[in-house]
Amino acid sequence: MTCPPHPHPMQVHPCCANGACCRPPRFQAYLDAADSTGPVHKSAEACSDHLADMVQALTDWARGHRLSGAELKLFAIDRPGGSSSPPGTGGHGGPDTLSLAVSTIRLTE
């Protein structure tokens, strides 16, 4: 598989949804929920080709763990480096992180 050329000459982390994908992530998902021990937070990143796979995997994981009040927030991102913090929370992405809230999905049984 040949990686597409990156539009910027900066370090970019590959898509996390598929180990063979070398495209930069363009979407972040943040799962917030609770279990019997307290709050649960999980995040993932994916390129546009693997967005649906990422959402499905996080949804399946939350349902498999029977998490209550699970909410999945999706952001479209464009940033030079990696960040595992939600956009706008002072994460490592810093002021160069550009994000747009795309959707909030409430997960139900």
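Refer to the structure printed above.
Q: An account of the nonpolar core is requested, with residue identities and associated values reported.
A: Counting 18 residues, the largest nonpolar core has Leu 31, Met 54 and Leu 72 as the members making the most contacts within it. At the level of elements, strand E1 (27-35), strand E2 (38-46), helix H1 (51-64) and strand E3 (68-78) are the ones that each hand at least two residues to this core. Residues contacting Leu 72, with those up to four places away along its chain left out, are Ala 29, Tyr 30, Leu 31, Val 55, Leu 58, Thr 59, Ser 103, Thr 104 and Ile 105.

Q: Please set out the side chain of Glu 45 residue by residue, giving values where relevant.
A: With respect to the element layout, Glu 45 can be found in strand E2. The exposure class assigned to Glu 45 is buried, which follows from its relative accessible area of 12%. Of the polar contacts made by the side chain of Glu 45, one reaches the side chain of Gln 28; its length is 2.9 Å.

Q: Requested: an account of the environment of Gln 28, with residues and values cited.
A: By the secondary structure assignment, Gln 28 is in strand E1. Using a relative accessible area of 1% as the deciding quantity, one classes Gln 28 as buried. Residues Gln 28 and Cys 47, spaced 19 residues apart in sequence, show a C-alpha to C-alpha distance of 9.0 Å.

About the thresholds
- Residues numbered from 1 in each chain as written.
- Predicted model: local features only at pLDDT ≥ 70, side-chain atom pairs only at ≥ 80, totals over all residues.
- Heavy atoms only, no water.
- Core = buried A, V, L, I, M, F, W, Y, C linked by side-chain atoms within 4.5 Å.
- Buried < 20%, exposed > 50% of the residue type's maximum accessible area, 1.4 Å probe, protein only.
- Helix = DSSP H or I, 4+ residues; strand = E, 2+ residues; numbered from the N terminus.
- Contact = heavy atoms within 4.5 Å.
- Polar contact = N/O pair within 3.5 Å; in protein donor to acceptor, adjacent residues only side chain to side chain.

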